[in-house]
Amino acid sequence: AVNDKERYPITERDIPVGQAVRWPIYDQWGRELIKKGDTISSKRQVDSLIARGAYRTQADVEKVRKKTAEQRTIGERGILKSSTPFEIIHDIVQRITKLYELLAQEYPPDVSDRTKLIAQDLLELYRYHPDAMLGAVHLIHEYDYIICHPLHIAILVIMMGSDMEFEEENLISVICASITQNVSMNELQKELQKQSGGLTDTQKQAIQSHPELSVELLKHAGVEDEVWLDVVLQHHERVDGEGYPRGLVGDDIRIGAKLISLADTYSAMVSSRAYRDPMAPNEVLKELFLSKGKEFDEVLSLRFIR
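Residues numbered from 1 in each chain as written. Predicted model: local features only at pLDDT ≥ 70, side-chain atom pairs only at ≥ 80, totals over all residues. Heavy atoms only, no water.

## Here we look at the overall build of the protein
Along its length, the protein carries 14 helices and four strands. Computed over the C-alpha atoms, the radius of gyration of the protein is 22 Å, within 12% of the 19 Å expected from 2.2 N^0.38 for a compact globule of 306 residues. Oriented by its inertia axes, the alpha-carbon framework of the protein measures out at about 70 × 45 × 35 Å. A buried classification covers 46% of the 306 residues belonging to the protein. A separation of at least 24 residues holds for 63% of the contacts in the protein among residues at least 6 apart in sequence. Surface accessibility of the protein: about 16000 Å² in total, with carbon and sulfur atoms responsible for 48%. Of the side-chain charges in the protein, 38 are positive and 49 negative, and the distance between the mean point of each set is 5 Å. (Helix = DSSP H or I, 4+ residues; strand = E, 2+ residues; numbered from the N terminus. Rg over C-alpha atoms; globule rule 2.2 N^0.38 Å. Buried < 20%, exposed > 50% of the residue type's maximum accessible area, 1.4 Å probe, protein only. Contact = heavy atoms within 4.5 Å. Areas by Shrake-Rupley, 256 points an atom, 1.4 Å probe, with all protein chains shown as cover. Lys, Arg positive; Asp, Glu negative; His and termini not counted. Charge placed at Lys NZ, Arg CZ, Asp CG, Glu CD.)

Pasting the structure below:
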């Protein structure tokens, strides 16, 4: 039984309508009314729970406080002074792994803040250690491809966004998109990394639909950032109109999506596959140069190469 001092009566802020609850909710006799991850369906249900004296426990509150403390940026926690860049990247890899685990749940919690904090930490780390971060794109391949690939893309996007003096809020949104662009096809990517044969029709369909499915998954997990969602949706569009899922052309594509497209291609080509070795960076840059103005924005391509 939970004594009165350990009970925290719930409020409307604790159980927003249409979102998964972050903790179990109990009635006045200690019976579990709502499981963690369940969704509150209406304002009437909220009012009924409050009227019944529903509560969450002190242990739940402490977990939230601990999570808040852990979510300070790496600079605030002093990690930049006490750890090497690669040690910090290892910590960020673990956090991205956890993020994907949450997104894979049937009723994922709101991941917006969690993802933005990862993005902020990557941006802060780049500001302190730009050379090490760019080195990580070519040196860090020991983690699963579904982790390494978005990490590399995020670093390259930070490189470009910083050089182009993006507003920080906008850059954070694009970094979040870099991290989450493929979340709806993580399992398929694991298969493809080991696959040496051609794509099946089912795999082709999954690839074509993954931008839209990733957006739906992120919305289901509480993401409302328009730039973030648009960039995820558009990251496979091409300036010549031959991309997917909408066949957008030129300036109809957000600049963040264009950056991810460049970074995505570069990262994929300098990484190994079951059927080929990684390409040398200078060879990849040559390919990007030859594709400028077709698949990729010409001005951004030249800037990326430089």
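Having seen the structure, we can now continue with the description.
## Description of the side chain of His235
One can find His235 in the loop between helix H11 (226-234) and helix H12 (255-269). His235 gets classed as buried once you look at its relative accessible area, which sits at 1%. Separated by 3.4 Å, the side chains of His235 and Asn182 make a polar contact. Engagement of the side chain of His235 in a polar contact is seen with the side chain of His210, the distance being 3.2 Å. (Polar contact = N/O pair within 3.5 Å; in protein donor to acceptor, adjacent residues only side chain to side chain.)

## Re the nonpolar core
Core analysis: the biggest nonpolar cluster contains 67 residues, and Tyr100, Leu122, Ile175 and Ile179 have the highest contact counts within it. Per element, the largest residue contribution to this core is twelve residues, and it comes from helix H7 (residues 145-163). Once residues lying within four places of it in the same chain are set aside, the contact partners of Leu122 are Ile92, Met133, Leu151, Ala154, Ile158, Ile175 and Ile179. Residues Ile10, Val46, Leu49 and Ala54 belong to the second largest nonpolar core, which totals ten residues. (Core = buried A, V, L, I, M, F, W, Y, C linked by side-chain atoms within 4.5 Å.)

## A look at a nonpolar patch on the surface
A cluster of nonpolar residues, Phe289, Leu290 and Leu302, forms a patch on the protein surface that exposes about 270 Å² of accessible area. If you trace the backbone, Leu302 turns up in helix H14 (residues 298-305). (Patch = residues over 30% accessible without salt bridge, like charges linked within 9 Å, V, L, I, M, F, W, Y side chains within 5 Å. Salt bridge = Lys/Arg side-chain N within 4 Å of Asp/Glu carboxyl O.)

## Considerations on the confidence of the model for the protein
Residues at a pLDDT of 70 or more form 94% of the protein, whose mean pLDDT is 88. Within the protein, the lowest mean pLDDT, 67, falls on helix H2 (residues 58-70), and the highest, 98, falls on H11. (pLDDT = per-residue confidence, 0-100.)

## As for the environment of Ser178
Inspection of the secondary structure puts Ser178 in helix H8 (residues 168-180). Separated by 49 residues in sequence, Ser178 and Val227 place their C-alpha atoms 12 Å apart. When residues no more than four places from it in sequence are discounted, the contact partners of Ser178 are Pro150, Ile153, Ala154, Val157 and Ile260.

## Some words on the packing of helix H5 (residues 112-128) against H8
Interhelical geometry of H5 versus H8 gives an angle of 110° and a closest axis separation of 9 Å. By the criterion of interaxial angle, the relationship of H5 to H8 is roughly perpendicular. When H5 is examined against H8, the residues Thr115, Lys116, Ile118, Ala119, Gln120, Leu122, Leu123 and Arg127 are found in contact with a partner set consisting of Glu168, Leu171, Ile172, Ile175, Cys176, Ile179 and Thr180. In terms of residue class, the contact of H5 with H8 is built from nine nonpolar, three polar and three charged. (Axes fitted to C-alpha atoms, helices over the stretch in contact; angles between N-to-C directions. Parallel < 35°, antiparallel > 145°, perpendicular 65-115°, else oblique. Nonpolar A, V, L, I, M, F, W, Y, C, P; charged D, E, K, R; others polar.)

## A short note on the packing of aromatic side chains
One pass over the full model with this rule turns up two aromatic pairs. One residue, Lys292, lies across the ring of Phe289, its end atom 3.8 Å from the ring centre. (Phe/Tyr/Trp six-rings, centres within 6.5 Å; stacked < 30°, edge-to-face > 60°. Lys NZ or Arg CZ within 6 Å of the ring centre and 35° of its normal.)

## Overview of the packing of helix H4 (residues 85-103) against H7
Helices that pack against each other are described as a pair by the angle of their axes relative to one another and the distance between those axes. Closest axis-to-axis distance for the H4/H7 pair is 10 Å, and the angle between their directions is 115°. Considering only the axes of H4 and H7, their crossing is right-handed. Contacts from Ile89, Val93, Ile96, Thr97 and Tyr100 of H4 reach H7 at Ile146, Ile147, Pro150 and Leu151. (Left-handed = near helix turned anticlockwise from the far one by under 90°.)

## A word on the pattern of salt bridges
Tallying each qualifying case throughout the model produces 16 salt bridges. When the shortest N-O distance is used, the salt bridge between Arg246 and Glu212 registers 3.6 Å. Linking Arg246 in the loop between H11 and H12 with Glu212 in helix H10 (residues 201-220), this pair joins segments that are 34 residues apart in sequence. Here Asp240 and Arg238 are joined by a salt bridge, their closest N and O atoms 2.7 Å apart. Here the salt bridges share partners, and the residues they tie into one network are Asp91, Arg95 and Asp121.

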